[in-house]
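Each chain is listed here by its residues.
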Amino acid sequence: AMRANHTQPEFLLLGITNSPCAQAPLFGLFLLIYVVTLVGNVGLVLLVWVVPTLHTPMYFFLTHFSLADACYSTVISPKMLAGLFSGSRAISPAGCAAQFHAFAFFVTAECHLLAAMAYDRHAAICHPLLYVTAASRRGCRRLLGWSYLAAFLSAAVYTGCTFWGPFCGPRHVDHFFCDVGPVLRLVCADTRAREMVVFALAAVHLVGTSAVVLLSYVRILRVVLGMRPAPSRSRAFQTCAAHLVSVSVFYGTLFFMYLQPASGHGGLGKVASVFYTVVTPLLNPFIYSLRNQEVKGALGKCGRRVLSRC
């Protein structure tokens, strides 16, 4: 019996497409995206770290958001690229569970970090005189700690519900990573109770954090519309525009994927998954840097400093 436990059959990730002609172009595209994602997100973290003017609550949360982007992209992309390059799509049961747990942890943490960043913008724009108190360093660290704790505990529940066997027949996961829906379809037993637990917990996190984001921006919009000078309104809108773009893409795809029964994911599931696992981590550093005067100013200073030393 113990030997059987050690020789459990591997899962097989079927990947994005079965077309041999598409493998090489997709490998090149996703490799480029992954490299740019790492450079962009890690570069943004380093920029905030070395520039004192960016040592503010907003950029404190943004660095952790960028780290989460880099980490969960690394959880998904290398295995996907290996499958596209060599056709090696097998993954051990433990590896499959670990990949899903790490993915669920970072995605859930990002939901809470987006809510924290929205609250920070709300405090800065709506209550500027109380901002130092409302967004203190101690308060930010507590909020960050809660985000990671909630993410870890939730990921443990998701993983337990998804990988608590038994599994039937060939373990062919119809996806490019170990996600809850495709894995649950391989379970022999009735999975409705597990699906409801995953659905309920995902709903708590997604609806709860998106409600914080929505309420924060409703309040921000009311304050901004009340500003008399047009330049002040324009600056306030620009400050929040980047955050709203990122939030819309991220939450839109997650709502589509996880606020429905795991067995209900259609053919669009892989397309939606590509958006939040590959495209969103790529876009976030560009959205925040190219639409943000503080980040562009800091990049300019660092660039001039490097050129002067050369």
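Reading guide: rules and limits
- Residues numbered from 1 in each chain as written.
- Predicted model: local features only at pLDDT ≥ 70, side-chain atom pairs only at ≥ 80, totals over all residues.
- Heavy atoms only, no water.
- Pairing = 2+ DSSP bridges.
- Helix = DSSP H or I, 4+ residues; strand = E, 2+ residues; numbered from the N terminus.
- UniProt positions renumbered as here; feature names shortened; annotations may be inferred.
- Patch = residues over 30% accessible without salt bridge, like charges linked within 9 Å, V, L, I, M, F, W, Y side chains within 5 Å.
- Areas by Shrake-Rupley, 256 points an atom, 1.4 Å probe, with all protein chains shown as cover.
- Salt bridge = Lys/Arg side-chain N within 4 Å of Asp/Glu carboxyl O.
- Buried < 20%, exposed > 50% of the residue type's maximum accessible area, 1.4 Å probe, protein only.
- Core = buried A, V, L, I, M, F, W, Y, C linked by side-chain atoms within 4.5 Å.
- Contact = heavy atoms within 4.5 Å.

Topic: the sheet that holds strand 3 (residues 172–173)
Spatially, 3 strands are ordered 2-1-3 in an open sheet, and the strand pairing comes out mixed. In this open sheet, the two strands that pair with only one neighbour each are strand 2 (90–91) and strand 3. The pairing of strand 1 (residues 11–13) with strand 2 spans 2 bridges and is antiparallel. Pairing of phenylalanine 11 across the sheet is with isoleucine 91, part of strand 2.

A word on the UniProt feature "transmembrane region" (unreviewed entry) in the protein
Here, the residues flagged by UniProt with the feature "transmembrane region" (unreviewed entry) are residues 26–51, 146–167, 196–218, 239–259 and 271–290. With 96% helix and 0% strand, residues 26–51 has end C-alpha atoms that lie 37 Å from one another. Annotated as residues 196–218, this span is 100% helix and 0% strand, and its ends, taken at the C-alpha atoms, are 31 Å apart.

Section: a nonpolar patch on the surface
The grouping of Tyr119, Leu143, Trp146, Leu149, Phe152, Leu153 and Val212 at the surface amounts to a nonpolar patch, some 650 Å² of accessible area in total. With 5 residues, the single largest contributor to the nonpolar patch is helix 6 (residues 137–163). Following the sequence through the fold, leucine 149 ends up in helix 6. The partly exposed category is assigned to leucine 149, whose relative accessible area is 45%.

What to know about the nonpolar core
Ranked by size, the top nonpolar core spans 81 residues in total, and within it Phe30, Phe103 and Tyr258 carry the most contacts. With 19 residues, the top contributor of residues to this core is helix 4 (residues 93–126). In contact with phenylalanine 103, other than residues within four places in its own chain, are Tyr72, Val75, Ile76, Phe177, Asp179, Tyr258, Tyr276 and Thr277.

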